[in-house]
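Analysis of the macromolecular model
What follows is each chain in one-letter form.
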Amino acid sequence: MDRKQCIVKLLVQPSRGLVDEKFIVLVQNAPPGFQLTVHALHKCEDGHSWEAFGHYTADATGTVNVSEDPSLGGTYSGVEQMGLLWSLRPVPGSKPGLRLRKMNVQIPMKVTISVYQGHQTEGFMDQVPLAGVVVERWYMAPGVRRIPITEDGLTATLFLPPGPGPFPGLLDLWGGGGQLVEYRASLLASHGIASLALDYLTAKNTKETGKMVDLQYFEKAYKVLEQHPQVHGSRIGMLGLSFGTSITFNMAVYSQVMKLRCAVCISGSHVQPVNGSVEEMLKNLYRNPDRARVSEENEVISRDMLLPIPTELTLKVDMGRLKCPLLVVVGEDDQSWPVTESAMDMKEMMEQAGNSHLLTVLSYPDAGHLIEPPYTPHARASLFRNFATQEKRRLWWGGETVAHSRAQEDAWRKLLVFLKENLYSGSNPGATLLSHL
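Cut-offs used in this document
Residues numbered from 1 in each chain as written. Predicted model: local features only at pLDDT ≥ 70, side-chain atom pairs only at ≥ 80, totals over all residues. Heavy atoms only, no water. Core = buried A, V, L, I, M, F, W, Y, C linked by side-chain atoms within 4.5 Å. Buried < 20%, exposed > 50% of the residue type's maximum accessible area, 1.4 Å probe, protein only. Helix = DSSP H or I, 4+ residues; strand = E, 2+ residues; numbered from the N terminus. Contact = heavy atoms within 4.5 Å. Polar contact = N/O pair within 3.5 Å; in protein donor to acceptor, adjacent residues only side chain to side chain. Salt bridge = Lys/Arg side-chain N within 4 Å of Asp/Glu carboxyl O. Pairing = 2+ DSSP bridges. Phe/Tyr/Trp six-rings, centres within 6.5 Å; stacked < 30°, edge-to-face > 60°. Lys NZ or Arg CZ within 6 Å of the ring centre and 35° of its normal.

**Observations concerning the nonpolar core**
Grouped together as the largest cluster of nonpolar side chains are 61 residues, with contacts concentrated most on Phe 218, Phe 243, Ile 247 and Met 319. The element best represented in this core is helix H5 (residues 243-254), accounting for 7 residues. Leu 239, Val 264, Ile 266 and Leu 419 belong to the second-largest nonpolar core, a separate cluster that totals 37 residues.

So this is what it looks like as structure tokens:
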């Protein structure tokens, strides 16, 4: 193609938006039948670069619409409007075990969308694209306020939606890797829920004293939300992923301080020593180390370490005592936790106790452990530091990329509906649902 005779146009709309918003990628003014590659490049804050690309053929009008036209190959195939995000992968030559996570939510995730001539699979950086656009994907919507919290020994960040409030509140817990992880909480605040991201394994006090937090630490975090003038104190929920679910199940059932309106548990289990400390709960995850397996790529498969699900109530949370609506999200190919078995046991316990109307289970075939906000690239395995042993290993999280990405999109949409129904409404409806993609 003669560049002087034909200047390809690239349009991405919206070029600035939230990470869970879809965008439209439109290539125009190409010769009819022209083969081209639409490429996405993102350099994350740790310096590593990620890319995704699809192969397309321009129609009779010289147009490619990524929302409507099929990719004929690349990192994704078929009609995939957001394939340029969810199929992002480390560029060739990157070190193994990487996982893409936003560290500073006050700046956007920048992605360069470019068009290249022909159906290409490598060498993008060595060529000049026919057209390119930089798009911004934000976790914080305009007007969301980020407030560091250090009172009562907490290590946390509160995100408040725009406006005066009062807003419903949510306590947001990540898993066994520790650190203060803010991107999910800031995105939830962008959807109108005051969200407190809490570091509970690597908190400042823990680093200074060497002692892990106790369960009262979470009640203090709840009190911060409950007493905040811009938070509706009687409309607070709790969200946990992985080890964060262990805390969430425990507090939702046993805490005398936390009166949760609802709870969400993603990729976790109710199995734990009921009267145990946080440290004992964490160590319990590794109580059967001989049950761990290793993949052909030397990645740890840990799901069997909590099996079989115990029958004794001293070794698992008594879900029959739960009084608030609960959403449980399960990836059926989770290789880290026995989430399917746990969900089935919880359902049985609640049916026997007569409170199963409070339980909603979303179960996704071929989804793995790390079920994150939409369009987050799927990490089938990544490097992980075991907080209990400080050992750094690659963990096999599981999941098939397309199915996992579908699960993330569907679960997030239903999670937002669940939170808004239970945190905004005057009643606690609760519903039993087993959903498959």
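Okay, back to it.
**Structural notes on the environment of Tyr 375**
In this fold, Tyr 375 is placed in the loop between strand S19 (359-364) and strand S20 (381-385). Remark: the alpha-carbon pair of Tyr 375 and Ala 407, spanning 32 residues in sequence, is separated by 10 Å. Those residues in contact with Tyr 375 that lie beyond four places of it in its chain are Val 19, Asp 20, Glu 21, Lys 22, Met 82, Leu 85, Trp 86, Gln 408 and Glu 409. There is a polar contact of 3.0 Å between the side chain of Tyr 375 and the side chain of Glu 409.

**Looking at the pattern of salt bridges**
Counted under the stated rule, the structure contains 18 salt bridges. A salt bridge links Arg 99 to Glu 372; its shortest N-O distance comes to 2.9 Å. One end of the pair, Arg 99, is in the loop between strand S7 (89-90) and strand S8 (109-117); the other, Glu 372, is in the loop between S19 and S20, with 273 residues separating them in the sequence. Using a relative accessible area of 6% as the deciding quantity, one classes Glu 372 as buried. Arg 303 is the salt-bridge partner of Glu 341, the closest N and O atoms lying 2.9 Å from each other. A residue pair is termed long-range when its members are at least 10 positions apart, and Glu 341 in helix H7 (residues 339-353) and Arg 303 in the loop between strand S17 (300-301) and strand S18 (326-331) qualify at 38 residues. Residue Glu 341 is classed as partly exposed on the basis of its relative accessible area of 27%.

**Some words on the pairing of strand S14 (residues 231-241)**
The buried count for S14 comes to 8 of 11 residues, which makes it a mostly enclosed element. Examined bridge by bridge, strand S12 (residues 167-173) and S14 share 6 bridges and lie parallel to one another. Across the sheet, Leu 170 pairs through a bridge with Gly 237, a residue of S14. Direction of pairing for S14 relative to strand S15 (residues 262-266): parallel, over a ladder of 5 bridges.

**Quick notes on the pairing of strand S10 (residues 145-149)**
Pairing analysis gives 5 bridges linking S10 to strand S11 (residues 155-160), with the strands arranged antiparallel. Across the sheet, the residue bridging to Ile 147 is Leu 158, located in S11. Here S10 folds back onto S11 in antiparallel fashion, the turn holding 5 residues, of which Asp 152 has a positive phi close to 55 degrees.

**Some details on the sheet that holds strand S9 (residues 131-138)**
Strands sit in the order S2-S9-S8-S4-S5-S7 across an open sheet of 6 strands; the sheet is mixed. The sheet is open, and its two borders are formed by strand S2 (16-18) and S7, each paired with just one other strand. Where S8 and S9 come together, 7 bridges link them in antiparallel fashion. Bridged to Lys 110 within S9 is Glu 136.

**Observations regarding unusual backbone geometry**
Most peptide bonds take the trans form, and the phi angle of most residues other than glycine is negative. With omega at -5 degrees, the peptide bond leading from Gln 13 into Pro 14 counts as cis. Following Gly 165, the chain continues into Pro 166 via a peptide bond in cis, with omega recorded as 0 degrees. Note that Pro 166 resides in the loop between S11 and S12. Look at Gln 179: it is not a glycine, yet its phi comes out positive at around 75 degrees. Note that Gln 179 resides in the loop between S12 and helix H2 (183-189).

**Considering the sheet that holds strand S6 (residues 64-65)**
On the basis of which strands lie adjacent, the open sheet formed by 3 strands has the order S1-S3-S6 and antiparallel pairing. Since the sheet does not close on itself, it has two edges, and those belong to strand S1 (9-13) and S6, each with one partner. One ladder, built from 5 bridges, connects S1 with strand S3 (residues 24-28); its direction is antiparallel. Considered in S3, the bridge of Lys 9 is made with Gln 28.

**A few points about the packing of aromatic side chains**
Throughout the structure, instances matching the rule amount to 9 aromatic pairs. When the ring of Tyr 116 is compared with that of Phe 124, the centres are 5.1 Å apart and the planes differ by 65 degrees; the resulting orientation is edge-to-face. Residue classification places Phe 124 among the buried positions, given a relative accessible area of 3%. Summarising the aromatic geometry, the rings of Tyr 217 and Phe 218 are spaced 5.8 Å apart at their centres and angled 85 degrees between planes, so their arrangement reads as edge-to-face. Note on accessibility: Tyr 217 and Phe 218 belong to one class, buried. Each residue in the set Tyr 200, Tyr 217, Phe 218 and Phe 243 is aromatic and connected to the rest through ring pairs, giving one cluster. A cation over a ring is seen here: Arg 101 above Trp 174, with NZ or CZ 4.9 Å from the ring centre. The lysine or arginine in question, Arg 184, covers the ring of Trp 174, its NZ or CZ lying 4.0 Å from the ring centre.

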